[in-house]
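Structure at a glance
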Amino acid sequence: MAYLDLTNISKTYGTDGRKVQAVAPLTLAMDRGQIVTFLGPSGCGKTTVMRMVGGLETPTTGTITLDGARLGGPDRRRGMVFQSYAAFPWLTVAGNIRLGLKYRADLSASDREDTVNRFIELVGLKGFADSYTNQISGGMRQRVAIARTLAANPDILLMDEPFGALDALTREHLQNKLLEINRTAGKTTIFVTHDVEEAILLAHRLVVFSARPARVLEDINVTEQLGPDDRDQALRDTPAFLSLRREVQQIIRAEYIRAEAEAAHAP
Ligand SMILES: Nc1ncnc2c1ncn2[C@@H]1O[C@H](COP(=O)(O)OP(=O)(O)OP(=O)(O)O)[C@@H](O)[C@H]1O
Ligand SMILES: [Mg+2]
């Protein structure tokens, strides 16, 4: 049994009148410490899959197990960064991150403050610790949410387009940090993005989903293709990376064309 097992999970929203099947029965097994990235057309069901793993949405069918035990509602083992900014406006930057540490019994009071500062720095918000999150920009708020989730040190990181709103260099910085955290702490991570390069750069495994309802179209072993760890931004320029990027782009394009044709022929 894998560390994180999604077995035949599906999700249908709505009731009799208007049903939307967001996720087709889908099976995915992840090893501990693995970073799996998700790519797929907008609206295909990626966030829905994440919310089911996070315990925020109940699968219509199927089961999700972590370390052999069936998962229920949200708990501290799973930390989620949402697609939209999810920082608490009534707290300061530091207050938001401190909240992430609430359940960390391993930290003394002084460690706690050090950790808050470390994560503020990690996401490049030094100097904004005492700003309220409605006084900072959208991308900064997103970084607060990222810092809070990382600081909480969950077993599993669920990151839904976390870097979407950030400029290219901030994004690269946080990609490097995420890789570093994975290397040192072996954190099992699911990462959704629309950026093909980001999806390859971060992944041990890259899963491409079909158009809605989401099913696994391709499950690519990126580590095998690009070699093991010590990833950095320079990887983007290597022939293996460029050829994988081309391959993934072709898969996505073909799926887009297929879904368009299917929609055109729908009754
Ligand atoms: N709470 C909900 N109630 C009803 N339908 C929903 C709900 N949430 C999502 N859906 C529908 O489920 C489908 C999948 O949505 P989801 O947010 O999972 O897609 P996504 O792959 O994350 O898209 P994007 O890349 O744009 O973020 C969409 O058709 C959406 O309209
Ligand atoms: Mg989404």
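A short tour of the structure in this document, coming up. Here the structure is a predicted model, which means the values were calculated and not measured.

Here we take up the sheet that holds strand β3 (residues 35-39). In spatial order, the strands read β6-β7-β8-β3-β9-β10; together these six strands make up an open sheet with mixed pairing. The two strands at the open ends of the sheet, each matched to only one other strand, are β6 (78-81) and β10 (216-221). The sheet shows a mean angle of 15 degrees between the axes of neighbouring strands, direction not considered. Pairing between β3 and strand β9 (residues 205-209): four bridges, direction parallel. Each residue of the ladder has a partner; that of Leu 39, found in β9, is Val 208. Here helix α8 (residues 239-265) sits on the sheet in contact with β3, β9 and β10, set at roughly 175 degrees to β10.

With that settled, consider empty space enclosed by the protein. Taken as a whole and judged by the stated rule, the model has two cavities of 30 Å³ or more. What the second largest cavity holds in volume is close to 40 Å³. Taken together, Leu 122, Ile 146, Leu 150, Met 159, Phe 163, Leu 174, Lys 177, Leu 178 and Ile 181 make up the lining of the second largest cavity. Taken together, the elements giving at least two residues each to the lining of the second largest cavity come down to α4 (138-151) and α5 (168-185). Per element, the largest residue contribution to the lining of the second largest cavity is four residues, and it comes from α5.

Using the criterion set out here, one finds three aromatic pairs in the structure. Aromatic pair Phe 38 and Phe 209: ring centres 4.7 Å apart, planes at 90 degrees, arrangement edge-to-face. Taken as a pair, Phe 38 in strand β3 and Phe 209 in strand β9 lie far apart in primary sequence, 171 residues in all. Of the residues examined, Phe 209 reaches a relative accessible area of 1% and is grouped as buried. Ring centres of Phe 163 and Phe 191 lie 5.3 Å apart, and the angle between their planes is 65 degrees; on these two criteria the pair is classed as edge-to-face. Remark: Phe 191 occurs in strand β8 (residues 188-192) and Phe 163 occurs in the loop between β7 (156-160) and α5; sequence separation between them is 28 residues. The same class applies to Phe 163 as to Phe 191, namely buried.

The environment of ligand 1 is formed by 15 residues, the closest being Ser 42, Gly 43, Lys 46, Thr 47 and Thr 48. Between an oxygen atom of ligand 1 and a side-chain N or O atom of Thr 47, the distance comes to 2.7 Å. Here an oxygen atom of ligand 1 sits 2.8 Å away from a polar atom, N or O, in the side chain of His 194. Taken together, the elements giving at least two residues each to the shell around ligand 1 come down to β2 (20-30) and α1 (46-54). Sort the elements by how many residues they give to the shell around ligand 1 and α1 lands first, with three residues.

A separate point is the coordination of the magnesium ion (ligand 2). Note on the magnesium ion (ligand 2): its protein donors are Thr 47 (OG1) and Gln 83 (OE1). The metal-donor distances range over 2.0 to 2.5 Å. Taken as a pair, Thr 47 in helix α1 and Gln 83 in the loop between β6 and α2 (93-100) lie far apart in primary sequence, 36 residues in all. Judged by relative accessible area, which is 40%, Gln 83 ranks as partly exposed.

A few words on the packing of α2 against α4. At their nearest, the axes of α2 and α4 sit 7 Å apart, and the two run at 30 degrees to each other. With respect to each other, α2 and α4 are oriented roughly parallel. Pair α2 / α4 crosses with right-handed handedness. In contact with Val 93, Asn 96, Ile 97 and Gly 100 of α2, α4 contributes Val 144, Ala 147, Arg 148 and Ala 151.

What counts and how
- Residues numbered from 1 in each chain as written.
- Chains lettered and ligands numbered in written order.
- Predicted model: local features only at pLDDT ≥ 70, side-chain atom pairs only at ≥ 80, totals over all residues.
- Heavy atoms only, no water.
- Pairing = 2+ DSSP bridges.
- Helix = DSSP H or I, 4+ residues; strand = E, 2+ residues; numbered from the N terminus.
- Axes fitted to C-alpha atoms, helices over the stretch in contact; angles between N-to-C directions.
- Contact = heavy atoms within 4.5 Å.
- 1 Å grid on protein atoms, 1.4 Å probe; cavity = no way out; pocket = protein on both sides within 12 Å on 5 of 7 lines; lining within 4 Å.
- Points joined across faces, edges and corners; volume = space filled by probe spheres on them.
- Phe/Tyr/Trp six-rings, centres within 6.5 Å; stacked < 30°, edge-to-face > 60°.
- Buried < 20%, exposed > 50% of the residue type's maximum accessible area, 1.4 Å probe, protein only.
- Near = heavy atom within 4 Å.
- Polar contact = N/O pair within 3.5 Å; in protein donor to acceptor, adjacent residues only side chain to side chain.
- Donors = N, O, S within 2.8 Å, 3.2 Å for Na, K, Ca; no water.
- Parallel < 35°, antiparallel > 145°, perpendicular 65-115°, else oblique.
- Left-handed = near helix turned anticlockwise from the far one by under 90°.

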